[in-house]
Amino acid sequence: MGGSGELPATVADDALRSAAPEDRAMALVYRGQVHMRTGESRAASRCYRQAERSFRAAGDLTSAAGARFNVGLVRALTGDARGALADLDEVERLIDAGADLPRFLVEFNRAHAL
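Now for a quick tour of the structure. (Residues numbered from 1 in each chain as written. Predicted model: local features only at pLDDT ≥ 70, side-chain atom pairs only at ≥ 80, totals over all residues. Heavy atoms only, no water.)

**Some words on the overall build of the chain**
Right, on to step 1. A count of helices and strands for the chain gives six helices and zero strands.
Right, on to step 2. Reading the chain from its N end, one meets helices and strands in the order α-α-α-α-α-α.
Right, on to step 3. Against the 2.2 N^0.38 benchmark of 13 Å for 114 residues, the chain shows a C-alpha radius of gyration of 14 Å, consistent with a compact globule.
Right, on to step 4. Counting the 114 residues in the chain, one finds 40% classified as buried.
Right, on to step 5. Considering only residue pairs separated by 6 or more positions, the chain has 42% of its internal contacts joining residues 24 or more positions apart.
Right, on to step 6. Carbon and sulfur atoms form 53% of the exposed surface of the chain, whose accessible area is close to 6,500 Å². (Helix = DSSP H or I, 4+ residues; strand = E, 2+ residues; numbered from the N terminus. Rg over C-alpha atoms; globule rule 2.2 N^0.38 Å. Buried < 20%, exposed > 50% of the residue type's maximum accessible area, 1.4 Å probe, protein only. Contact = heavy atoms within 4.5 Å. Areas by Shrake-Rupley, 256 points an atom, 1.4 Å probe, with all protein chains shown as cover.)

**Some points on the side chain of Ser45**
Right, on to step 1. Take Ser45: it is sitting in helix α3 (residues 41-57).
Right, on to step 2. Taking relative accessible area as the criterion, Ser45 reaches 15% and is therefore assigned buried.

**Some thoughts on the nonpolar core**
Right, on to step 1. Leu28, Val29, Tyr48, Ala51 and Phe55 are the most contacted members of the largest nonpolar core, which totals 14 residues.
Right, on to step 2. Broken down by secondary-structure element, the contributors of at least two residues to this core are α2 (24-37), α3 and α4 (61-77).
Right, on to step 3. Of all the elements, α3 adds the most residues to this core, at five residues.
Right, on to step 4. With residues up to four places along the chain from it excluded, the contact list for Val29 reads Tyr48, Ala51, Phe55 and Asn70.
Right, on to step 5. Formed by nine residues, the second largest nonpolar core is a distinct cluster that contains Phe69, Ile95, Ala99 and Val106. (Core = buried A, V, L, I, M, F, W, Y, C linked by side-chain atoms within 4.5 Å.)

**Overview of the packing of helix α5 (residues 81-96) against helix α6 (residues 103-113)**
Right, on to step 1. Where α5 meets α6, the closest approach of the two axes is 10 Å, and the angle between their N-to-C directions is 170°. Classified by the angle their axes make, α5 and α6 are roughly antiparallel. From α5, Ala81, Ala84, Leu85, Leu88, Asp89, Val91, Glu92, Ile95 and Asp96 reach across to α6, where they touch Arg103, Val106, Glu107, Asn109, Arg110 and Ala113.
Right, on to step 2. A per-class count over the contact of α5 with α6 returns eight nonpolar, one polar and six charged. (Axes fitted to C-alpha atoms, helices over the stretch in contact; angles between N-to-C directions. Parallel < 35°, antiparallel > 145°, perpendicular 65-115°, else oblique. Nonpolar A, V, L, I, M, F, W, Y, C, P; charged D, E, K, R; others polar.)

**Re the environment of Met36**
Right, on to step 1. Examined against the element boundaries, Met36 turns out to sit in helix α2.
Right, on to step 2. Between the C-alpha atom of Met36 and that of Arg24, which follows or precedes it by twelve residues, the distance is 18 Å.

**Let's talk about α6**
Right, on to step 1. Three or more residues of α6 are buried, namely Val106, Asn109, Arg110 and Ala113. All buried residues of α6 fall inside an arc of 115° around its axis, so they share one side. The outward face of α6, more than 90 degrees from its buried face, is lined by the exposed residues Phe108 and Ala111.
Right, on to step 2. The elements touched by buried residues of α6 are α4 and α5. (Arc of directions from axis to C-beta.)

Here's what the structure looks like:
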C-alpha cells in the first residue's frame, strides 16, 4: 500500500461494505471520520450527508442532527464559516423538532466557525 491513508481507507471501505442495511448510516458516519483523519474533507462531508439522509428517512432525528453537525464541523475546519453556520442552524431546527442533542454543542461550534 502507498500513502498513509490507504490502509485505513481500505479497512473502512471493507467495514462499510459489510455493514448490515440497518447499520449503514452509522457506518457512513465512521467512514466519514476516517476520511477526515486522512485529510479528505469533501469525501467526509459526502459520507456525513448520506448518513443524515438515511437517518432522516428512518425517523432518527438525533442521529441525523449528529451527522449534520459533523458536516458543519468539516466546513468550520476548512474555512467555510457561512456553510458551517447554516449547518448549525439546521441542527438547531432538528433539536427543536425533537433531536436529543445538547444545544450547547451547537453554540460552541458556532463560536468555532466564527
